[in-house]
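Chain by chain, the residues:
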Amino acid sequence: MRRPRGEPGPRAPRPTEGATCAGPGESWSPSPNSMLRVLLSAQTSPTRLSGLLVIPPVQPCCLGPSKWGDWPPGGGPSTGHVQGLQRLLEQARSPGELLRWLGQNPTKVRAHHYPVALRRLGQLLGSRPRPPPVEQATLQDLSQLIIRNCPAFDMHTIHVCLHLAVLLGFPADGPLVRALEQERRLRLPPKPPPPLSSLLRGGQRLEAALSCPRFLRYPRQHLISSLAETRPEELTPHVMVLLAQHLARHRLREPQLLEAIARFLVVQENQLSSKVVQKLVLPFGRLNYLPLEQQFMPCLERILAREAGVAPLATVNILMSLCQLRCLPFRALHFVFSPGFINYISGTPHALIVRRYLSLLDTAVELELPGYRGPRLPRRQQVPIFPQPLITDRARCKYSHKDIVAEGLRQLLGEEKYRQDLTVPPGYCTDFLLCVGSSGAVLPVRTQDPFLPYPPRSCPQGQAACSPTTRDPAQRVVLVLRERWHFCRDGRVLLGSRALRERHLGLMGYQLLPLPFEELESQRGLPQLKSYLRQKLQALGLRWGPEGG
C-alpha cells in the first residue's frame, strides 16, 4: 500500500550498542577521531555540538534554476513552498525524516536547504535526553544528495556545508568532503603566477617590490637590497617616482634610497620634465633631508630655468620642497614673483593653491633671505598660508594629546590665559599661545594683542627677525605639540613642513615651548600632566596665580 507523503515509514533495526555509523560509501572506523562516534556516545556533552548549534539559521536565497529540479512552466516555485520546506527541515524529528523531506520534494529543494538539513542533523544528534538512532543508509543517502547537487551551490553554501560536514565527523578523505572541497577550489579566483624575481631585471624587481602591498609595513631592507642589485641603466623615471612617493608617504628617511634618487636626478637631468622632477624632489622636503650629492642643487636650478614657463604648478611644487630645505634659488624666485607669472596662474584652476604656496615662499624670503632684492608677491595676492590645523592633525585628532593638554592648561592657568588653535600672521596655526609680561606673569589674552607684527620689525645685524621689547613688552609663548606623526619614521627628525613652521614662528619673535610626544605619553593621567606642564612653564620663568578650576 502506498504511504502518504511525509508520513514516517517503518524504522530500520536499531544499531547495536557501540556500533558507529559510516560516512557516505564507506565504513566508519572505530578510531576516537571519528566525531560522529563521539556524538552518538551516551556520555556526549552538549558543548560538543556548540559548533553546530551556534551557526545561525541559513537564510533562503534565490539561486536560479537548479540541476536537481527545473522550474515548472510559467515561472519559479512560490516563495511560500521554498520557505515551507525550510520550516519542515528545521522541525524534523529524525535523520530519516530529514532525508524524506529532501528526497520527496525535488522541485522545491534549493541549495540553501542542504546546510539547513546538516545543521538540523547536528541538533538531533546532540539532543537530550536521548538522541534518535542514526541509520548508515540515511547518512549515505544524504551525502549522495549533497554530492550530486553541490555543483549548483554558491560559495557561501559550500563553506557552510563543509564546516557542518567536518563537525559531524565525515572523513576528510571521504566522498562528501572531497566533493565540497573540489567545488570550493573551482570557485576560487585564479592564483597569480609565481614570482619571477629570478627572471626580472633589477629595475623590474624594484618596481614589483614597490607595487606589492605587503611591503608597505616592512619595506626598508627589501627596497635597499633591490636597489643594490639594480644597475643604473635599468632604472626608469617611473620606478624612481614610485620609490620617491613610497618614501614620502610612509615617512621613511632612508639615506641610501634618497641618495639614489638624487643621483638618478643628476644623471637623467636632460631627460626629465619638471612634472617628473616635482615627484622626485618631494621626499627630500617632506623628510627634511638635503642629499650629499653635490650636483643636486645646481641640477635643480638648471631644470627650473628650463621648465619654469612650461609647467607653473610643478615649478611651485619644486620650490616648496626646496623651501623646506632652506635652499631657494634666487633666479627661480624672480620668475615666480614676476607679474607675468602671477597673472598667468590667476586664471588657472589651481590658482588658490598656487597663491598659498607663493605666500609661503614670500614669507620665507621675508624671514630667511635678507639678501634677496628681486620682486615679491603683491600684498593683494597674499592669502593665509595654513589657516587651520593641517590635514594630518585633523585625521589623527583622536590620537592627539591636544585635548588633555588644553584641560591641563585650563586647570593650571585658567581659560582666559591661553588661546588654542589661533592663526597668527601670515597664516600659521598655533597649538596654544600665551601672553607673558616683562616680569614673567602670564597675562589674560583678552587684555593683549596676541599677534606679533608681520613683517617683523628690524633687528640688529645678523638676525632675520626679533621680538620687540620697547613698544610691546609682552612676550608671546607658543606651546608646540610634537606628535608622533610630526616626525619621520625613525622618530628623531621633524618633517619638513613642521620644521619650517617652527622655524618661521621663531623668526617672527614667538618663543617656542616644544612638548614632545615621548614626554606626553609618559604622563599617567591629568594630575601628572599638570605637574609636567607646571615644570615646563616654570623653566621659562613664567608665573601665574592660583590654579583655575
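What counts and how
- Counting restarts for each chain: residues are numbered from 1 in the order of the written sequence.
- Local features in this predicted model are restricted to residues whose pLDDT is 70 or higher, and side-chain atom pairs enter the listing and the counts only when it is 80 or higher, whereas totals over whole chains, interfaces and linings include all residues.
- The side-chain numbers reported here are obtained from all heavy atoms of the structure, hydrogens and water having been left aside.
- Each helix is a run of H or I in the DSSP string that is no shorter than four residues. Each strand is a run of E no shorter than two, and both are numbered from the N terminus.
- Contacts are residue-level and defined by heavy atoms, with any inter-residue pair within 4.5 Å sufficient.
- Think of a polar contact as two N or O atoms within 3.5 Å of one another; within protein, one of them needs to be a possible hydrogen donor and the other a possible acceptor, and neighboring residues in sequence only count if both atoms come from side chains.
- Exposure classes here rest on a 1.4 Å probe applied to the protein chains alone. A residue is buried below 20% of its type maximum, exposed above 50%, and partly exposed in between.
- Note on method: axes are straight lines fitted to C-alpha atoms, helices fitted across the in-contact stretch only, with angles between N-to-C directions ranging 0 to 180 degrees.
- In what follows, roughly perpendicular refers to angles from 65 to 115 degrees, roughly parallel to angles under 35, roughly antiparallel to angles over 145, and oblique to any angle outside these ranges.
- Under the scheme applied here, ten amino acids are nonpolar (Ala, Val, Leu, Ile, Met, Phe, Trp, Tyr, Cys and Pro), four are charged (Asp, Glu, Lys and Arg), and all others, including Gly, are polar.
- The quantity known as pLDDT measures the predictor's confidence residue by residue, on a range of 0 to 100.

> Would you mind going over the environment of Arg482 with me for this structure?
Residue placement: Arg482 occurs in strand 6 (residues 475-482). For the pair Arg482 and His401, spaced 81 residues apart in sequence, the C-alpha separation works out to 9.3 Å. Those residues in contact with Arg482, other than ones at most four positions away along the chain, are Phe487, Leu494, Glu502, Pro514, Leu515, Pro516 and Phe517. One polar contact links Arg482 to Glu502, side chain to side chain, over a distance of 2.6 Å.

> Help me out: how do you make sense of the environment of Leu282 in this one?
Assignment of secondary structure puts Leu282 in helix 13 (residues 274-286). When its relative accessible area of 39% is taken as the criterion, Leu282 is described as partly exposed. Sequence separation of Leu282 and Asn317 is 35 residues, and the distance between their C-alpha atoms is 8.1 Å. Beyond its immediate sequence surroundings of up to four residues, Leu282 is in contact with Ala248 and Ser321.

> Looking at this model, I keep getting lost on the side chain of Glu502. Mind explaining?
In this structure, Glu502 sits in helix 21 (residues 496-507). On the basis of relative accessible area, Glu502 is assigned to the buried category, the value being 10%. Ignoring any residue separated from it by four or fewer positions in sequence, one finds Glu502 in contact with Val480, Arg482, Leu494 and Leu512.

> Quick question: what am I supposed to make of unusual backbone geometry here?
Where the residue is not glycine, phi is negative for most of them; where a peptide bond is considered, it is trans in most cases. Note that the residue after Pro425, namely Pro426, is joined by a cis bond; omega there is 5°. Within the element layout of this structure, Pro426 appears in the loop between strand 2 (423-424) and strand 3 (428-429). The omega angle of the peptide bond from Tyr454 to Pro455 is 0°, so this bond is cis rather than trans. With respect to the helices and strands, the residue Pro455 is situated in the loop between strand 5 (442-443) and strand 6. Phi at Arg251 takes a positive value of approximately 55°, unusual for a residue other than glycine. You can see Arg251 is positioned in the loop between helix 11 (237-249) and helix 12 (255-267). Residue Arg326 is not a glycine yet carries a positive backbone phi of 60°. With respect to the secondary-structure elements, Arg326 resides in the loop between helix 15 (312-324) and helix 16 (330-336).

> Where do I start with the packing of helix 4 (residues 95-103) against helix 5 (residues 113-125) in this structure?
For any two helices packed against each other, one specifies the inter-axial angle together with the distance between the axes. For the pair helix 4 and helix 5, interaxial distance at closest approach is 10 Å and the crossing angle is 170°. With respect to helix 5, the axis of helix 4 lies roughly antiparallel. In this structure, helix 4 contributes Pro95, Leu98 and Leu102 to the contact, and helix 5 contributes His113, Tyr114, Ala117, Arg120, Leu121 and Leu124. A class-by-class count of the residues in the contact of helix 4 with helix 5 yields 7 nonpolar, 1 polar and 1 charged.

> Even after reading the chapter, I still don't get the confidence of the model for the protein, so can you show me in this structure?
Predicted coordinates in regions of low pLDDT should not be interpreted in detail. Averaged over every residue, the pLDDT of the protein is 78; the share at 70 or more is 72%. The low-confidence segment residues 1-78 (pLDDT under 50) makes 126 contacts with residues lying over four places distant or belonging to another chain. The low-confidence segment residues 459-471, where pLDDT is below 50, has 15 contacts with residues more than four positions distant or belonging to other chains.

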